[in-house]
Amino acid sequence: MNKPFHVNALPFTALVALAILFMLAAQAVFETRLLAPLADDVAQLTDAIGQQRTRSAAHLQQRPTAVVQLEAIASRLPKQDATQTRIEQLHQIATRHAVVVRKVSYKRADKDHEEVSDKAQSSTGHAGRHGIQADIAGAYPDLRQFLRAILAQDEALAIESLEFSRPPDSKGVRAQVRMTLYFQRVPS
């Protein structure tokens, strides 16, 4: 006959204690082998971010607000070579709104009046202006719609002056408009 095999069973509390010790040992190995190198990487990245923020803050403090604003505006200006296309679009908008362009003159502004600060010149180039004086005619609502349309179409266009008149024995209105097209010159 066989004798029954008896195993000295450990009490339940001893098994729980062994399981807890095993889990603590596994956690210690996990933290030292895997998480410690990651913690070093995180510390290095945190230092690098702090240094970058310090450099960025120092760089921004060195540049005057006006220069930063000028660069932002100049970056949105159309390039110089787009001026002819922009003028053609003005004439197309006039035709669409039943506005007659009776007489128009174009003048590129002098370079002396267009200089920007040396700091802004290095990164943005020169901002240029192209002046337009036009004598236009049409119904008053059409003229208003035309002016609204050209301002909406070209954010780098400014209406500098506007004079309305109604010629005797005329059903329409005439207007003398002085506009400026701003553009970014291509640095030479």
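Since the structure is predicted, the reported quantities are computational estimates derived from the model, not experimental observations.

Undergrad: Sorry, what's going on with the overall build of the protein chain here?
TA: Of the regular secondary structure elements, the protein chain holds five helices and four strands. Looking at the protein chain residue by residue over its 188 residues, the buried ones come to 22%. When contacts within the protein chain are restricted to residue pairs at least 6 apart in sequence, long-range pairs at least 24 apart make up 71% of them. Here the protein chain has roughly 13,900 Å² of accessible surface; of this, 58% comes from carbon and sulfur atoms.

Undergrad: Help me understand the environment of Ile93, please; the structure alone is not making it clear to me.
TA: The topology assignment puts Ile93 in helix α3 (residues 83-96). A relative accessible area of 4% places Ile93 in the buried class. Contact partners of Ile93, with chain neighbours within four places excluded, come to Phe146, Ala149, Ile150 and Gln153.

Undergrad: Would you explain a nonpolar patch on the surface in this entry?
TA: A surface patch of nonpolar side chains, amounting to about 970 Å² of accessible area, comprises Phe12, Leu15, Val16, Leu18, Ile20, Leu21, Phe22, Met23 and Leu24. Within the element layout of this structure, Met23 appears in helix α1 (residues 12-62).

Undergrad: Sorry if this is basic, but what is going on with helix α5 (residues 140-153) here?
TA: Because each turn of an α-helix spans 3.6 residues, side chains separated by three or four positions in sequence point in the same direction. Taking 1.5 Å as the rise per residue, α5 with 14 residues should run 20 Å; its terminal C-alpha atoms sit 20 Å apart, in good agreement. All of the buried residues along α5 are Leu143, Phe146, Leu147 and Ile150. One face of α5 carries all of its buried residues, which in axial projection span an arc of 95°. Along α5, the residues that are exposed and aim more than 90 degrees away from the buried face are Pro141 and Ala152.

Undergrad: Looking at this model, I keep getting lost on the layout of surface pockets. Mind explaining?
TA: By rolling a water-sized probe across the atoms, one finds the places where empty space is left. Counted as a void, the second largest pocket has a volume near 160 Å³. At the level of elements, β1 (100-108), β2 (127-138), β3 (157-165) and β4 (173-184) are the ones that each hand at least two residues to the lining of the second largest pocket.

Undergrad: Looking at this structure, I do not really get unusual backbone geometry. What am I missing?
TA: Backbone phi values are negative for most residues with the exception of glycine, while trans is the configuration of most peptide bonds. If you check the backbone angles, Ala98 has positive phi at about 60° while not being a glycine. Assignment of secondary structure puts Ala98 in the loop between α3 and β1.

Undergrad: What should I look at first to understand the pattern of salt bridges in this one?
TA: Working definition: two side chains of opposite charge can pair if their charged atoms are close together. On inspection of all chains with the given rule, the structure shows four salt bridges. Asp154 is paired through a salt bridge with Arg86; the nearest N and O atoms lie 2.7 Å apart. Of this pair, Asp154 sits in the loop between α5 and β3 while Arg86 sits in helix α3, and the two are 68 residues apart along the sequence. Between Arg174 and Asp135 there is a salt bridge, and its shortest N-O distance comes to 3.1 Å. Residue Arg174 is located in strand β4, and its partner Asp135 is located in strand β2; the two are separated by 39 residues in the primary sequence. Here the salt bridges share partners, and the residues they tie into one network are Arg102, Asp135 and Arg174.

Undergrad: Help me understand the nonpolar core, please; the structure alone is not making it clear to me.
TA: In summary, soluble globular proteins display a tendency toward joint burial of nonpolar side chains. Within the largest apolar cluster, 18 residues are counted, with the highest numbers of intra-cluster contacts made by Ile136, Phe146 and Ile150. Counting residues per element, the ones that place at least two in this core are α3, β2, α5 and β4. Looking at this core element by element, the count peaks at five residues for β4. If sequence neighbours within four positions are ignored, Phe146 has contacts with Leu90, Ile93, Ala94, His97, Val99 and Ile136.

Undergrad: Would you mind going over empty space enclosed by the protein with me for this structure?
TA: In this structure the tally under the stated criterion is one cavity of 30 Å³ or more. Of the volumes computed, that of the largest cavity is approximately 100 Å³. Lining the largest cavity, in full, are Ile87, Leu90, His91, Ala94, Val101, Val104, Tyr106, Ile132, Ala134, Ile136, Phe146 and Met179. Those elements that provide at least two residues to the lining of the largest cavity are α3, β1 and β2. Top contributing element to the lining of the largest cavity by residue count: α3, with four residues.

Cut-off values and rules
- Residues numbered from 1 in each chain as written.
- Predicted model: local features only at pLDDT ≥ 70, side-chain atom pairs only at ≥ 80, totals over all residues.
- Heavy atoms only, no water.
- Helix = DSSP H or I, 4+ residues; strand = E, 2+ residues; numbered from the N terminus.
- Buried < 20%, exposed > 50% of the residue type's maximum accessible area, 1.4 Å probe, protein only.
- Contact = heavy atoms within 4.5 Å.
- Areas by Shrake-Rupley, 256 points an atom, 1.4 Å probe, with all protein chains shown as cover.
- Patch = residues over 30% accessible without salt bridge, like charges linked within 9 Å, V, L, I, M, F, W, Y side chains within 5 Å.
- Salt bridge = Lys/Arg side-chain N within 4 Å of Asp/Glu carboxyl O.
- Expected span 1.5 Å × (residues − 1).
- Arc of directions from axis to C-beta.
- 1 Å grid on protein atoms, 1.4 Å probe; cavity = no way out; pocket = protein on both sides within 12 Å on 5 of 7 lines; lining within 4 Å.
- Points joined across faces, edges and corners; volume = space filled by probe spheres on them.
- Core = buried A, V, L, I, M, F, W, Y, C linked by side-chain atoms within 4.5 Å.

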